[in-house]
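# Structural features, examined
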Amino acid sequence: MKSNQRKIRKPGAPRSKNKLARKAPAALSHRFGKLFEDLVQLQIRLLAPDGCPWDREQTHDSLRTYLIEEAYEVLDALESGDPDKFAEEMGDLLLQIIFHSELASQAGRFNVGDVIQRVHTKMVRRHPHVFGTDKADSAAQVLKNWEQLKSEERRQERASKGLASADATDEKSLSILSGIPRTLPAVMEAYQLTRRASRVGFDWPDIAGVLAKLREEIGELELEIAAGNPANIESEAGDLLFSIVNVVRFLKLDPEIALKKANHKFVERFSQMETQAAARGKKLADLSATDLDVLWNQAKAEKPNPFSRERLGDDWNSANR
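What you are looking at is a predicted structure, and each value in this text was computed from that prediction instead of being measured.

How each quantity is defined
Within every chain, residues take consecutive numbers counted from 1 along the sequence as written. Per-residue local features of the predicted model are confined to residues with pLDDT of at least 70, and side-chain atom pairs are confined, for both listing and counting, to 80 or more; whole-chain, interface and lining totals are unaffected and use all residues. Water and hydrogen atoms were dropped before computing side-chain values, which therefore reflect all heavy atoms in the structure. Orientation is described by lines fitted to C-alpha atoms, with helices fitted over the stretch in contact, and by angles between N-to-C directions that extend from 0 to 180 degrees. In DSSP terms, a helix is any run of H or I states spanning at least four residues, a strand is any run of E spanning at least two, and both are numbered starting from the N terminus. An angle below 35 degrees is read as roughly parallel, one above 145 as roughly antiparallel, one from 65 to 115 as roughly perpendicular, and any other as oblique. It is the rotation of the near helix from the far one that decides the hand of a crossing: anticlockwise by less than a right angle makes it left-handed, clockwise makes it right-handed. Residue contacts are defined here by distance: any two heavy atoms, one from each residue, within 4.5 Å place the two residues in contact. Asp, Glu, Lys and Arg are counted as charged, while Ala, Val, Leu, Ile, Met, Phe, Trp, Tyr, Cys and Pro are counted as nonpolar; the rest, among them Gly, fall into the polar class. Each Phe, Tyr or Trp ring (for Trp, its six-membered ring) is paired with any other whose centre lies within 6.5 Å, and the angle between the two planes then decides the class: stacked below 30 degrees, edge-to-face above 60, tilted in between. The buried label goes to any residue with under 20% of its type's maximum accessible area, the exposed label to any with over 50%, and the partly exposed label to all in between, with areas taken from a 1.4 Å probe on protein chains only. To sit over a ring, a charge needs its Lys NZ or Arg CZ within 6 Å of the ring centre and within 35 degrees of the ring normal. The rule for a salt bridge is simple: a side-chain nitrogen of Lys or Arg has to be within 4 Å of a carboxyl oxygen of Asp or Glu. Per-residue confidence from the predictor is reported as pLDDT, a score between 0 and 100.

Before going further, it helps to spend a moment on the packing of helix H12 (residues 255-279) against helix H13 (residues 289-302). One way to put it is that H12 packs onto H13 with a least axis distance of 9 Å and a crossing angle of 120 degrees. When the axes of H12 and H13 are compared, the pair comes out oblique. Remark: the crossing between H12 and H13 carries right-handed chirality. Two secondary-structure elements touch here, H12 through Phe266, Arg269, Phe270, Gln272, Met273, Gln276 and Ala277 and H13 through Leu292, Leu295, Trp296, Gln298, Ala299, Lys300 and Glu302. Partitioning the contact of H12 with H13 into residue classes produces eight nonpolar, three polar and three charged.

Here a ring pair, both rings aromatic, is described through the centre-centre distance and the interplanar angle of the planes. In the structure shown here, the tally under the stated rule is four aromatic pairs. Ring geometry for Trp54 and Phe99: centres 6.5 Å apart, planes at 70 degrees, overall edge-to-face. Of this pair, Trp54 sits in helix H3 (residues 53-57) while Phe99 sits in helix H5 (residues 83-106), placing them 45 residues apart in sequence. Its relative accessible area of 0% is what places Phe99 among the buried residues. Ring pairing ties together the aromatic residues Trp54, Tyr66 and Phe99, which thus form one cluster. Positioned above the aromatic ring of Tyr72 is the side chain of Lys260, whose terminal nitrogen or guanidinium carbon lies 5.1 Å from the ring centre.

What follows is about the pattern of salt bridges. Overall, the coordinates contain eight salt bridges when judged by the stated rule. A salt bridge links Glu217 to Lys213, with the shortest nitrogen-to-oxygen separation between them at 3.3 Å. Residue Glu217 and its partner Lys213 are located together in helix H10 (residues 207-227), separated by four residues, close to a single helical turn. Taking the relative accessible area as the measure of exposure, Lys213 reaches 27% and is therefore partly exposed.

Atomic detail in the predicted coordinates should be set aside for any region of low pLDDT. Taken residue by residue, the protein gives an average pLDDT of 83. The fraction at 70 or more is 81%. In the model of the protein, helix H15 (residues 314-319) stands out as the element of lowest mean pLDDT, 40, in contrast to H10, which has the highest, 97. Below a pLDDT of 50 lies the segment residues 1-24, which in the model reaches 41 contacts outside its immediate sequence neighbourhood of four places, other chains included. Segment residues 309-321 is flagged for pLDDT under 50; beyond a separation of four residues in sequence, or across chains, it makes 14 contacts in the model.

Structural data, given as structure tokens:
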């Protein structure tokens, strides 16, 4: 929501470096409630009859793009290692939550208090090892318990709506894979599917098994390419992509973020190729495959991986502590 997003910083004011880090947490703790209330009141004012015409035209559907955009900008800010930028983009994302909540409040559906209460109740319920008597000695056990709790919640929800009895054993409706939005991009969906399955023990014991599966899928794709069956080629290509996502997930990385970084790296190096070609008075389309390979290797040498630990230095260390 770039052109319409309200920033806390006054227009034209310079952004100070790490101003949040210089403030002691205790100095702000007593103000959190007031700050939040002020932000909610700000959005209520913008949606008032005499408020902002742009805000008043928005709906849940029209704001979807901004919600996704702000989430990705938070990830960019996190990657930058700049805490001030990170805090600012988190604020923009928080405003989206408040915006949606106030639209719902105007429609008499729920308000931001309901949002907070529900997530608070849910987090207490899903952490019985902290707020109850259950035990969890490892992160893996926490995640396994988490999926079991979510499965029970889905069963109870269906029972409350009359969709299934409390004793129902409908495997599909009670699946731990239920609730993953089908509207997710394919990479993110595959990540969520394999991550949930792994939490109940459906996983390889080590990376060797995952890589073996990847090589198996490559071999199967090669066989279908040789056979020339388009439908089977598509199927095996999908299996290969799914396996690659699983490899990345097993390495405790987010495939969406890893692919975003690879995309950025490609853009940097390809742009360098275009610059080198232009310096010779040529376009890339005019060059041979051999010449393109030479330019690519030069770009790799001149534009190393921008996300490597060595390249990021202190920024990498501060962002990944």
